[in-house]
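Residue-level listing of the chains:
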Amino acid sequence: MTEDLMQYDRLTERAMRLVIREALEIVAKDGLPGEHHLFITFDTNAQDVRIAERLKADHPKEMTIILQHQFRDLIVRDDSFSVGLSFGQIPENLHIPYDAITSFYDPHVEFGLRFHGEGDDQDDEDFDDSLFDGETNILDTSMHEPKKESQPNKSETEKGGDNVVRIDLFRDK
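Residues numbered from 1 in each chain as written. Predicted model: local features only at pLDDT ≥ 70, side-chain atom pairs only at ≥ 80, totals over all residues. Heavy atoms only, no water.

It is worth spelling out the overall build of the protein chain at this point. Helix and strand counts for the protein chain stand at three helices and nine strands. A burial count over the protein chain gives 38% of its 173 residues as buried. A fraction of 60% describes how many contacts in the protein chain between residues 6 or more apart in sequence connect residues 24 or more apart. Accessible surface, the protein chain as shown: approximately 10,800 Å² in total, 48% of it carbon and sulfur. (Helix = DSSP H or I, 4+ residues; strand = E, 2+ residues; numbered from the N terminus. Buried < 20%, exposed > 50% of the residue type's maximum accessible area, 1.4 Å probe, protein only. Contact = heavy atoms within 4.5 Å. Areas by Shrake-Rupley, 256 points an atom, 1.4 Å probe, with all protein chains shown as cover.)

Right under this line is the structure:
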């Protein structure tokens, strides 16, 4: 086993989070282009996440927000973003560090990013991928041991299978 002193998994994850930041910068400057809209799922317990207590009570682990028609005051920073959204017709401001994001998805172009933090024992089967269909290109930053791949079932093969690129497959463990 060769030790990865370059920490390529962390470099790749940082680069993928930069994609999110740059996409949000475009939206903050010019609005959402065309039919694009963004699903952003984040860990509500992550450090520096700031959301209303009522939202935290409703979403004690994870929350997905959608930036599409009605959002305001999108402010993009180097390490986080903040946005105003309404929940039950009550306006709220959310502050979300990029490190808290667990998935990012733009269904218009079927592009998604999925993140798993180091030490995360969450298996891919447990990940809520209801936003991601079989045709979606998902880049996955799993840092856990790769599982032995089973043969895809017939329906997965007919749909084109899973288009997940897992960077952990390229890691020496």
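From this point, the discussion proceeds with the structure in view.
Looking along a regular strand, one sees side chains alternate from face to face of the sheet. Only one face of strand β2 (residues 62–67) is buried, namely the one carrying M63, I65 and L67, since none of E62, T64 and I66 on the opposite face is buried. Two strands pair when backbone bridges link them, and strand β1 (residues 38–43) and β2 are joined in this way by six bridges, in the antiparallel orientation. Within β2, the position partnered with F39 by the bridge is I66. (Pairing = 2+ DSSP bridges.)

Here the protein chain averages 76 in pLDDT, and 67% of its residues register 70 or above. Contacts of residues 118–128 to residues separated by more than four positions or lying in other chains number 19 contacts, the stretch itself having pLDDT below 50. Under a pLDDT of 50 for its full length, residues 134–138 has, in the predicted model, 22 contacts with residues more than four places off or in other chains. (pLDDT = per-residue confidence, 0-100.)

One pass over the structure, following the stated rule, counts two aromatic pairs. With centroids separated by 6.1 Å and ring planes inclined at 45 degrees, the aromatic side chains of F39 and Y105 adopt a geometry described as tilted. With F39 in strand β1 and Y105 in strand β6 (residues 101–106), the pair connects residues that are 66 residues apart, well separated along the chain. Lying over the aromatic face of F115, R17 brings its terminal NZ or CZ to 3.9 Å of the ring centre. (Phe/Tyr/Trp six-rings, centres within 6.5 Å; stacked < 30°, edge-to-face > 60°. Lys NZ or Arg CZ within 6 Å of the ring centre and 35° of its normal.)

Each α-helix winds once per 3.6 residues, and so residues spaced three or four apart point in a common direction. The terminal C-alpha atoms of helix α1 (residues 8–30) lie 33 Å apart, and with 23 residues this matches the ideal 33 Å at 1.5 Å per residue to within 8%. Within the sequence span of α1, burial applies to D9, E13, M16, R17, I20, R21, L24 and V27. Count one or two residues on from α1 and you reach G31, which has phi positive near 85 degrees. (Expected span 1.5 Å × (residues − 1).)

With that out of the way, let us pick up the pattern of salt bridges. Where charged atoms from two side chains of opposite charge approach closely, those side chains can pair. Tallying each qualifying case throughout the model produces five salt bridges. A salt bridge links R17 to D99; the nearest nitrogen and oxygen atoms lie 3.9 Å apart. Of this pair, R17 sits in helix α1 while D99 sits in the loop between β5 (90–97) and β6, placing them 82 residues apart in sequence. Given a relative accessible area of 8%, R17 falls into the buried group. Of the residues examined, D99 reaches a relative accessible area of 66% and is grouped as exposed. Through salt bridges with shared partners, a single network forms among E13, R17 and D99. (Salt bridge = Lys/Arg side-chain N within 4 Å of Asp/Glu carboxyl O.)

With seven of eight residues buried, strand β4 (residues 80–87) lies mostly within the body of the structure. As judged from the three bridges shared by strand β3 (residues 72–76) and β4, these two strands associate in the antiparallel manner. By the bridge assignment, V76 is partnered in β4 with F81. Counting the residues between successive antiparallel strands, the hairpin from β3 to β4 contains three residues. For β4 and β5, the ladder comprises eight bridges, and the chain directions are antiparallel.

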